[in-house]
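Close look at the chain arrangement
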Amino acid sequence: MNFNKKKCLSAFIICTCLLGIAHAQGDKKPIIPDFLKAVQGNMRVSAIQYEGTKALNKFEFGNNSLTTDSAQWLLNLTAKQANPGVLDITADITLKEGHAAATALEVSFDFNSWSRKNYVMVPASMYNGNRYPAIGNGYNPPYTRDMYYNPKVPLTISNNPRLSAEPNKASLVQLQTGNAATPAMCFFSPSLKKGFILLTTQQTRLGNSGLTIAENAKQDSCSFRISAPAVRRLAPGFGDFHESGDKARDWKPGDRVKITMRVYVFDACNIPDLLRKFILVRKDVTGTNHPRNVLPMSELLAVSSAICSGNFIHVPAGSYYKPENNDDFQLGWVSGMMNTYPMLALNNSKERDRVAEEIDFVVNKLQGKSGFFYGGIEANGRILFEKMHPDFPEGQAMVRKNSDALLWLMKHLLLLKAQGFGNVIKPEWESAAKKLAEAFTNTWKKYGEFGQYIVPETGRIAVFNSTAGAIAPAGLAIAANYFNHPEWLKIAREAANYYYQRDVVNQGLTGGDCGDISMDANSESAFGFLESLMALYNATGDKSWLKKAEVEAALCSTWVLSYDPVFPPGSQIAKLNSHMAGAVWASIQNKHSAPGICEASGDYLFKLYRATGNKLYADLIREIQHAHAEAVNMPGHYTTNNLIGSSMERIQPSDAEGKGSVGNFINTRNSWTETNGMLMAIELPGIYLQTDKGKLLVFDHVDASILKKDKKATTLLVSNTTRYDANVAIFAESSTQAQKPLPYTAFLNWPKVMVKAGQKLQLQITAGNKILAVKTLN
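I will try to describe carefully the structure that is included in this document. Keep in mind it's a predicted model, so treat the numbers as computed, not measured.

Taken as a whole, this structure holds zero disulfides when the rule is applied. Just so you know, C222 is unpaired, no disulfide at all, and the nearest cysteine sulfur is the one on C186, 13 Å from it. With no disulfide partner, C514 has as its closest neighbouring cysteine sulfur the one in C598, 6.3 Å distant.

Following this line, the structure appears as structure tokens:
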């Protein structure tokens, strides 16, 4: 396209007229400028000509057309305000005459009274604008010397797309919709007390759309831009950038593109208000999801536990279930002394004895003098240190791994007692748990935080900051109750309140609890902190924790694919027709989603639903479970090309690993994804029913409906359309019973009903969760 400079200037002068052509039906008053006035914004539509990925010319539409030396464009801009604070906008653009080479179309929302203090969020890609110091140029960069033993170390991230942490520097963030868990760009303005959410679709007919955020050097003006197609100079990778390979399109007469958007402008006092709004609207443009029933929970548990059982080894270091594909052991994080829990839940003597052997090994080989544990050990018995720097030789360990260790050690003790095997618990196990709880307590008292890396021999914090201790309050709360030690509950409360205020309320993120990232915002810490908030509600009955948990659940939702992405036709996911809404993104560094939460069942989302009645939380964990099942390697549904029942940590909507990686799995397996699948199969009910309210939720891969209800029981119709038999756990209770926190081992009391592949049946169940009768219908 050859642009005429005089015409370009003319179009720029009248570009504000564009805003005046969009009217509500039957209303002569232009609504876009009025709608955006509350956030001091305006909107433009432009055509951009490229040479490769370099923008050469930008030409803005005036009114409903654009004329250049080589082309004439038509714009049909419509806007409809269905509800207060919600505006649906469609930019329907057609090339009427001529030709336009290497051109993309762009809708820009410009904010001219901007502040660097605004909170900016792109789901799974940017939190607080990623406006933090960055280090390295690749995956898991080493820490600089000044980051060690420095209580004032700033939150520091890897080399990710970001707004400038320094004043007086311009920023340009170029993403595409595949980089986001929801195709959205959002901000909260503390000065205006307003929130802004811009939603769009993943694709137009030109493919994935671009999501761009541009901030000027004064940092008092910012634009949120949607383009069709995405044309980025650089694509973000795992802590680095590479040439995007994006291409603008060549246009001929009659070619057309439609960019669909929904905009929300609303009152917001703080970041939590924005998060609460987001979870409500995240699916409003992409629509309702349709998870497929492909793999019943009982079958998933059977095949995955068979893999885990086959990976129990005896090596010089000790005896344990392998948490990785080699013979070395990592505690926590990627499944060490976590994959033991579902094996213990199988309730057979062989696996129970093995679990006991592993706990023996952990408490005898890995606990340091301070009470904290080392994070790993080689099969030959050499202790593994983490995030070391040559100037500081003291062996370090992840706070996250220690948080996991306390939580899961306590859960094992609770499960053994609930199963009637309290006699199996050794005094050394309880002593180790006490020492670890006390180590967290001492650290909190000394430093007022848990830090990111600690020294197990001395208890010193080696690296401060981050939310690496997100799960620690959960372990402390359980330990306080188990050992009748009120001080630990007090510390749990203080720590949870601290992290909630510092990280969630003030920064709109949690992060830094993975061993392969810096202090980057990530999903694991978000879900882990939700575990802690619900643990505190469970321990205290104080509903203020539920309020915090609802905000945290909203933050968690920003990390979860809210729709079923369109994957390349030749990719593995596309060929399987998998529905991947519910895949969980890793971190702003590791730009991929994965099957399930690392590492948990997410039963706290179900518990939050029980306590609040908000179905959004139940829907979220149901979609997470079903997306996980789509990634499991099964006959006729091959994903990992590895063991039957295996899964791996890739559901890749982004091109962070190259365009060829989009929609393709990795031919390996990860114990942590298999473990969280087993945990979901155990800790989530297959069918949940509130008998008096008639509320019915199905988490398993069956269909269920209420046929009738009387004073005695509720009759359900259950059908199984999968190729596998389903042994479905049923949990029925009254709405009054649902107000009581659910014990960690409640799943032991859920009755099960076998529904054969292809079978339909009726069952009667009471409010006391007793199955009275089962009748097969085919």
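We are not done yet, so read on.
This part is about the packing of helix α10 (residues 486-507) against helix α11 (residues 523-540). Each pair of packed helices gets described by two things: the angle between the helix axes and the distance between those axes. For the pair α10 and α11, interaxial distance at closest approach is 11 Å and the crossing angle is 140°. The orientation of α10 relative to α11 falls into the category oblique. Where α10 crosses over α11, the handedness of that crossing is left-handed. Of α11, the residues touching α10 (which contributes L489, A492, R493, A496, Y499, Y500 and V504) are F529, L533, L536, A539 and T540. Residues that form the contact of α10 with α11 fall into these classes: ten nonpolar, one polar and one charged.

Of the consecutive residues A228 and P229, the connecting peptide bond is found in the cis state with omega at 0°. Topologically, P229 is positioned in the loop between β17 (222-228) and β18 (234-236). Between C598 and the following residue, E599, the backbone shows a cis peptide bond with an omega angle of 0°. For E599, the location among the structural elements is in the loop between β31 (593-594) and α14 (603-612). Within the chain, N347 stands out as a residue other than glycine whose phi angle is a positive 60°. With respect to the helices, strands and loops of the structure, N347 is situated in the loop between α5 (340-345) and α6 (349-365). On the accessibility criterion, N347 (40% relative accessible area) is partly exposed. Phi at N577 takes a positive value of approximately 55°, unusual for a residue other than glycine. Position of N577 relative to the elements: it lies in the loop between α13 (572-576) and β30 (584-585).

Attention shifts here to the environment of L87. In this fold, L87 is placed in strand β5 (residues 86-98). Overall, L87 belongs to the buried group, its relative accessible area being 1%. For the pair L87 and I32, spaced 55 residues apart in sequence, the C-alpha to C-alpha distance is 8.1 Å.

End to end, α10 covers 30 Å across 22 residues, agreeing with the expected 32 Å (1.5 Å per residue, within 8%). Of all the bends in α10, the greatest, near 30°, is centred on Y500. Following α10 by one or two positions, G508 adopts a phi angle in the positive range, close to 65°.

Here we take up the nonpolar core. By size, the foremost hydrophobic cluster in this structure holds 184 residues, and its most contacted members are L605 and I624. Apart from residues no more than four positions distant in its own chain, I624 is found in contact with F527, V560, G582, V584, G596, I597, L605 and M680. Counting 50 residues, the second-largest nonpolar core is a separate cluster that includes L95, L105, M185 and W251.

Here the focus is the sheet that holds strand β29 (residues 461-463). What the three strands build is an open sheet, ordered β27-β28-β29; its pairing is antiparallel. Both outer strands of the open sheet, β27 (397-398) and β29, are each paired with one neighbouring strand and no more. The pairing of strand β28 (residues 453-454) with β29 spans two bridges and is classified as antiparallel. Looking at β29, one finds that Y453 is bridged to V463.

Another aspect to go through is the sheet that holds strand β25 (residues 376-377). Strand pairing in a sheet relies on backbone hydrogen bonds. The paired strands run either parallel or antiparallel. With antiparallel pairing, three strands are arranged side by side in an open sheet as β24-β25-β26. Edge positions in the sheet fall to β24 (329-330) and β26 (383-384), since each of these pairs with one other strand and no more. Sheet topology note: the β25/β26 ladder contains two bridges and is antiparallel. Pairing of G376 across the sheet is with L384, part of β26.

Moving on to the environment of I271. Assignment of secondary structure puts I271 in helix α3 (residues 271-281). According to the relative accessible area criterion, I271 is buried, its value standing at 6%. Sequence separation of I271 and V505 is 234 residues, and the distance between their C-alpha atoms is 5.9 Å. With residues near it in sequence (within four places) discarded, I271 still touches Y119, F188, V504, V505, N506, Q507 and G508.

Moving on, we come to the side chain of S525. Note that S525 resides in helix α11. For S525, the contacting residues outside a window of four places in its chain are T467, A470, T510, G511, D513 and E552.

Attention shifts here to the pairing of strand β23 (residues 318-321). Residues of β23 alternate between two faces, with G318 and Y320 on one and S319 and Y321 on the opposite face, all of them buried. Counted between consecutive antiparallel strands, the loop separating strand β22 (residues 312-315) from β23 contains two residues.

Under the defined criterion, the tally for this structure stands at 37 aromatic pairs. Judged by centre distance (4.9 Å) and plane angle (85°), the ring pair of F329 and F361 falls under edge-to-face. Of this pair, F329 sits in strand β24 while F361 sits in helix α6; the two residues are 32 residues apart in sequence, bridging distant segments of the chain. Judged on exposure class, the residue F329 and its partner F361 are both buried. Ring plane angle 85° and centroid distance 5.6 Å describe the contact between F606 and F699, whose orientation is recorded as edge-to-face.

It is worth spelling out empty space enclosed by the protein at this point. Taken as a whole and assessed by the stated rule, the structure comprises four cavities of 30 Å³ or more. In terms of lining, the largest cavity is formed by 15 residues, of which the most central are M534, Y537, N538, K607 and L742. Looking at the lining of the largest cavity, the elements with two or more residues in it are α11 and α14. Estimates place the volume of the second largest cavity at around 80 Å³. What lines the second largest cavity is a set of 14 residues, and nearest its centre among them are I471, G528, E531, E599 and A600. Secondary-structure elements contributing two or more residues to the lining of the second largest cavity are α7 (399-418) and α11. Among the elements that take part in the lining of the second largest cavity, α11 stands out by supplying four residues, more than any other. Considering only residue class, the lining of the second largest cavity consists of nine nonpolar, one polar and four charged.

Glancing now at the layout of surface pockets. As a volume, the largest pocket reaches approximately 600 Å³. Around the largest pocket, the lining comprises 27 residues; the ones closest to its centre are L172, V173, Q174, T212 and R233. No other element matches strand β2 (residues 54-60), which puts five residues into the lining of the largest pocket. Of the residues that constitute the lining of the largest pocket, the class distribution is twelve nonpolar, eight polar and seven charged.

Moving on, we get to the side chain of Q625. In this fold, Q625 is placed in helix α15 (residues 615-630). If we skip the residues at most four places from it in the chain, Q625 touches M297, L300, M680, F699 and H701.

Our next topic: the pattern of salt bridges. Using the criterion set out here, one finds 39 salt bridges in the structure. Between E623 and K283 there is a salt bridge, with the nearest N and O atoms lying 2.5 Å from each other. Of this pair, E623 sits in helix α15 while K283 is found in the loop between α3 and α4 (297-310), placing the two residues 340 residues apart along the sequence. Overall, K283 belongs to the partly exposed group, its relative accessible area being 22%. For D404, the salt bridge identified is with R400, shortest N-O distance 2.9 Å. With a gap of four residues between them, D404 and R400 both fall in helix α7, about one helical turn apart. According to the relative accessible area criterion, D404 is buried, its value standing at 1%. In this structure, a network of salt bridges that share partners links the residues R232, D246, D655 and K659.

Criteria and thresholds
- Residues numbered from 1 in each chain as written.
- Predicted model: local features only at pLDDT ≥ 70, side-chain atom pairs only at ≥ 80, totals over all residues.
- Heavy atoms only, no water.
- Disulfide = S-S within 2.5 Å.
- Axes fitted to C-alpha atoms, helices over the stretch in contact; angles between N-to-C directions.
- Helix = DSSP H or I, 4+ residues; strand = E, 2+ residues; numbered from the N terminus.
- Parallel < 35°, antiparallel > 145°, perpendicular 65-115°, else oblique.
- Left-handed = near helix turned anticlockwise from the far one by under 90°.
- Contact = heavy atoms within 4.5 Å.
- Nonpolar A, V, L, I, M, F, W, Y, C, P; charged D, E, K, R; others polar.
- Buried < 20%, exposed > 50% of the residue type's maximum accessible area, 1.4 Å probe, protein only.
- Expected span 1.5 Å × (residues − 1).
- Bend = angle between axes of the 7 residues up to and from the residue.
- Core = buried A, V, L, I, M, F, W, Y, C linked by side-chain atoms within 4.5 Å.
- Pairing = 2+ DSSP bridges.
- Phe/Tyr/Trp six-rings, centres within 6.5 Å; stacked < 30°, edge-to-face > 60°.
- 1 Å grid on protein atoms, 1.4 Å probe; cavity = no way out; pocket = protein on both sides within 12 Å on 5 of 7 lines; lining within 4 Å.
- Points joined across faces, edges and corners; volume = space filled by probe spheres on them.
- Salt bridge = Lys/Arg side-chain N within 4 Å of Asp/Glu carboxyl O.

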